[in-house]
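In case you want the letters, here they are:
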Amino acid sequence: MAGPAAQRVVIEECAIATVDADDTEYAGGHIVVADNVIESVGAGAAPADLENVVRRVDGTGHLATPGLVNTHHHFMQWLTRGLAQDHNLFDWLVSLYPTWSRVDEPMAYTAARSSLAMLARGGVTTAADHHYVFPRGAGDLLGAGIRAARETGVRFTAARGSMDLGESAGGLPPDFAVETTEDALRATEEAVDTHHDPSFGSMLHIAVAPCSPFSVTTELLREAAGLARRKGVRLHTHGSETVEEERFCQERFGMGPTAYLESTGWLGEDVWMAHCVHMDDSDIAAFARTGTGVAHCPSSNARLGAGIARVPDMLAAGVPVGLGVDGAASNEAGELHTELRTALLVNRLGGHHEKALDVRQALRLGTFGGARVLGRADEIGSLEAGKLADLVLWRLDGLGHSNIADPVAALVLGPAAPVTLSMVNGRAVVEGGRLTTVDEEAIARAARDEARRLACAVADAR
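None of these values were measured; they are calculated from a predicted model.

Rules used in this analysis
- Residues numbered from 1 in each chain as written.
- Predicted model: local features only at pLDDT ≥ 70, side-chain atom pairs only at ≥ 80, totals over all residues.
- Heavy atoms only, no water.
- Pairing = 2+ DSSP bridges.
- Helix = DSSP H or I, 4+ residues; strand = E, 2+ residues; numbered from the N terminus.
- UniProt positions renumbered as here; feature names shortened; annotations may be inferred.
- Buried < 20%, exposed > 50% of the residue type's maximum accessible area, 1.4 Å probe, protein only.
- Polar contact = N/O pair within 3.5 Å; in protein donor to acceptor, adjacent residues only side chain to side chain.
- Contact = heavy atoms within 4.5 Å.
- Core = buried A, V, L, I, M, F, W, Y, C linked by side-chain atoms within 4.5 Å.
- Domains from an automatic or database assignment.
- 1 Å grid on protein atoms, 1.4 Å probe; cavity = no way out; pocket = protein on both sides within 12 Å on 5 of 7 lines; lining within 4 Å.
- Points joined across faces, edges and corners; volume = space filled by probe spheres on them.
- Nonpolar A, V, L, I, M, F, W, Y, C, P; charged D, E, K, R; others polar.
- Salt bridge = Lys/Arg side-chain N within 4 Å of Asp/Glu carboxyl O.
- Arc of directions from axis to C-beta.
- Buried area = accessible area lost by both parts, 1.4 Å probe.
- Phe/Tyr/Trp six-rings, centres within 6.5 Å; stacked < 30°, edge-to-face > 60°.
- Lys NZ or Arg CZ within 6 Å of the ring centre and 35° of its normal.

1. Considering the pairing of strand β3 (residues 37-43)
Inference 1: Where strand β2 (residues 25-34) lies against β3, six bridges are found, and the strand directions are antiparallel. In the strand pairing of β3, His30 is matched with Gly42.

As C-alpha cells, this is what we get:
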C-alpha cells in the first residue's frame, strides 16, 4: 500500500463495476489511486483525510470499470483495411500476404500508432499484438510496435510471430513471406532478451508466437514452445479458426488442430490461442484441463464467415477466455469496447440462445478475462486495492444511455459509450474522449499516406 507521500487521484460519485471475484458493484462510490496503484475502492465518498490529493474527478453520470484488455490484434493490418471484403480466411490470407510482405518499418510504426490510438480512445489499457510477417530488409518491425505502444501509453504484449512453412512446402503463405526456422527462433529469442520486462507493473511483455498450424512447421512449434518455457514467457498462436484449418490438419497430420498443437507442447497455462471457433467437446475439455486460454474475436469471425465460437461452453468448463479485436483488415472498426456488445449478441445466435452470455459476463471477458489470458490477472483486470491503476470512466448520462437504469447494461448493450477518462498505470491517456499522449489527426494523415505508399510498393512489385 502506498504511503502518505504518494500522489493521489480521487474519483467520486460514480457507479463502479469492480469485476472482482464477487462482481462487487457500487451504485455510487469512489476510487483512490496512489501513484500507479489502486489504493481503495468503496461505496460513498472517499476518506476525508487523504494526503497529497493532486486531482479530484467528479464521476457523476459515469460508470468506472477496469481498463479493457485486448488479447489479439495485428496492428500492421491497419494499412490494408477494406480489402478482400468477401473472402473466407484462406482466400483472404492468400489475397493479402503479398501486400503485407511489402510493409517496412515506417509503415509498421504508423499502422501500430493508428491501431493503438483507436484502441486507447475506446478504453483499452492493455493490448496484445501478433506480428508474424518479417520481410527481409524491412527494418525493425517488432520494435516499431513497441515504440508506438510506449508513445501511446498503453500496456503492451508484443507477440513475436513467425512463419516458416511456405507454399512450396505445403503451407499457405508464399515462400517470399516466410523466414527460415533458425532465423525465426533466433529473432524471437533476441526479442525476449532485449524487451521482455517481467516485473510487477511492467509496460512490456514479449510472447513467443508462431502464426498457425498451416503456416509453420512442426519443428518451429516444438522449438518455440521450448524456447518460451526456458525464458519464462507466454505462447500465442491461432487455433481452430475455420473448417479449412481443420481439414488441413486432418490431411497433413492425421488429427485436428487441438490434438496436433497438444502433441507439439502447445497446451498449457502459459498458452493462449486466437479464435478457437471449431472446437468439439474433447477440445474444450483439453483446454480446460491444461488451462489454455482463448482470445475470442467475434467481429472478425463474423467478417470472415468463420463461425461462432462456443464461448458459453468454454466458460462453463473453466477455460480462460478474453476478447480480441483481431487485425483491422478483418475488423475495420479496430475497437474493443464494441466487442463487448458483439460478443454477447453473436453468442446468443448459438445453441444457448438468450442464456449464452449476460452483460456482466461480457464485461468480464473484456477485462478480467483478458488479464487472465495474458497472465496478468494479479495486476490488472479488476478494480481492487493493490492492483495497477488501469481504469476507465465511461459517460452514461447522455442521449444514448441515460434512461438505462443498469449501468453495466448501458455500457454493453447501448451505443459505444464516450470515455471521459482512461488511466494506464495511474497516467491519464484519454481525457474527455481525446487522447492526451498522441495527435489523432496527425496519425490519421500518416496512415493515409503510408497506405498509399504501400499500395504503390505492391504495384511496383508486380
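2. Some words on the UniProt feature "domain: Amidohydrolase-related" (unreviewed entry) in the protein chain
Inference 1: Within this numbering scheme, the UniProt entry marks residues 64-429 as carrying the feature "domain: Amidohydrolase-related" (unreviewed entry).
Inference 2: What you have in residues 64-429 is 40% helix and 16% strand, and the ends, taken at the C-alpha atoms, are 15 Å apart.

3. Remarks on the side chain of Glu179
Inference 1: For Glu179, the position within the fold is in the loop between β8 (155-162) and α4 (181-195).
Inference 2: Judged by relative accessible area, Glu179 falls into the buried class, the value being 14%.
Inference 3: Separated by 2.9 Å, the side chains of Glu179 and Arg160 make a polar contact.
Inference 4: Among all residues touching Glu179, those that are not within four sequence positions of it are Phe134, Arg160, Gly161, Ser162, Met163, Asp164 and Ala184.

4. Here's the deal with the nonpolar core
Inference 1: Grouped together as the largest cluster of nonpolar side chains are 118 residues, with contacts concentrated most on Trp92, Leu93, Trp100 and Met314.
Inference 2: Top element by residues in this core is helix α2 (residues 105-121). It accounts for nine residues.
Inference 3: Both of domain 1 (8-66 + 380-435) and domain 2 (68-374) provide at least three residues apiece to this core.
Inference 4: Aside from chain neighbours lying at most four places away, what touches Leu93 is Trp100, Tyr132, Leu172 and Phe214.
Inference 5: Membership of the second largest hydrophobic core comes to 15 residues, among which are Ile11, Cys14, Val57 and Met423.

5. Quick look at empty space enclosed by the protein
Leftover empty space is mapped by rolling, across the atoms, a probe with the size of a water molecule.
Inference 1: One pass over the structure, following the stated rule, counts five cavities of 30 Å³ or more.
Inference 2: In this structure, the largest cavity occupies an estimated 110 Å³ of space.
Inference 3: Lining the largest cavity are 16 residues, and of these Leu89, Leu93, Tyr132, His238 and Glu241 lie nearest its centre.
Inference 4: A per-element tally of the lining of the largest cavity places helix α1 (residues 89-100) first, with four residues.
Inference 5: For the lining of the largest cavity, the residue count by class is seven nonpolar, seven polar and two charged.

6. Side note on the layout of surface pockets
Inference 1: Counted as a void, the largest pocket has a volume near 220 Å³.
Inference 2: Forming the walls of the largest pocket are 14 residues, and the residues nearest its centre are Leu315, Val321, Arg364, Leu365 and Gly369.
Inference 3: The leading source of residues in the lining of the largest pocket is helix α12 (residues 359-373), at seven residues.
Inference 4: Per-class residue counts for the lining of the largest pocket are six nonpolar, three polar and five charged.

7. Brief notes about the pattern of salt bridges
Inference 1: A full pass over the atoms with the stated rule returns 26 salt bridges.
Inference 2: The shortest N-O distance in the salt bridge between Arg360 and Glu25 comes to 2.6 Å. Taken together, the positions of Arg360 in helix α12 and Glu25 in strand β2 put the pair 335 residues apart, joining distant regions of the chain.
Inference 3: For Arg360, a relative accessible area of 27% puts it in the partly exposed group.
Inference 4: The class for Glu25 is partly exposed, based on a relative accessible area of 33%.
Inference 5: A salt bridge links Glu441 to Arg434; the nearest nitrogen and oxygen atoms lie 3.0 Å apart.
Inference 6: Of the residues examined, Arg434 reaches a relative accessible area of 39% and is grouped as partly exposed.
Inference 7: Here the residues in one salt-bridge network are Arg121, Arg434, Glu440 and Glu441, joined through shared partners.

8. With respect to helix α6 (residues 243-253)
Inference 1: If you check which residues of α6 are buried, you get Glu244, Glu245, Phe248, Cys249 and Phe253. Projected down its long axis, α6 carries its buried residues within an arc of 135°, all on one side.
Inference 2: Buried residues along α6 sit against α1, α5 (218-231), β10 (235-239) and α7 (257-263).
Inference 3: Looking one or two places after α6, you find Gly254, whose phi comes out positive at around 75°.

9. Comments concerning the pairing of β2
Inference 1: Here eight bridges tie strand β1 (residues 8-17) to β2, and the two strands are oriented antiparallel to one another. Bridge assignment links Arg8 to a residue of β2, and that residue is Ala34.
Inference 2: Between β2 and β3, which pair antiparallel in sequence order, lie two residues; one of them, Asp35, sits at a positive phi of approximately 60°.

10. With respect to the domain arrangement of the protein chain
Inference 1: As far as domains go, the protein chain holds domain 1 (8-66 + 380-435) and domain 2 (68-374).
Inference 2: A C-alpha centroid distance of 29 Å is found between domain 1 and domain 2.
Inference 3: In this complex, domain 1 contributes 37 residues to the contact, which on the side of domain 2 involves 28 residues.
Inference 4: Interface of domain 1 and domain 2: buried area, both sides summed, is about 2,600 Å²; carbon and sulfur atoms make up 65% of it.
Inference 5: Across the domain 1-domain 2 interface, the total number found is four salt bridges.
Inference 6: Asp406 is the salt-bridge partner of Arg360, the closest N and O atoms lying 2.9 Å from each other.
Inference 7: Between the two partners, domain 1 and domain 2, sit eight residue pairs in polar contact (both at pLDDT 80 or more).
Inference 8: For the side of domain 1 that touches domain 2, the elements supplying multiple residues, two or more each, are β5 (62-66), β14 (391-395), α13 (407-413), β15 (419-424) and β16 (427-431).

11. Here we look at the packing of aromatic side chains
We describe a pair of aromatic rings using the distance from one ring centre to the other and the angle between the two ring planes.
Inference 1: Within this structure, the stated rule accounts for seven aromatic pairs.
Inference 2: Between Phe248 and Phe253, the aromatic rings sit 6.3 Å apart at their centres with planes inclined by 70°, giving edge-to-face as the arrangement.
Inference 3: On the basis of an interplanar angle of 5° and a centroid distance of 3.7 Å, the ring pair of Phe253 and Tyr260 is categorised as stacked.
Inference 4: Clustering of aromatic rings is evident, with ring pairs tying together Phe90, Phe214, Phe248, Phe253 and Tyr260.
Inference 5: Just above the ring of Trp78 sits the side chain of Arg81; from NZ or CZ to the centre is 3.8 Å.
Inference 6: Geometry around Tyr109 places Arg147 over its ring, the cationic atom sitting 3.9 Å from the centre.

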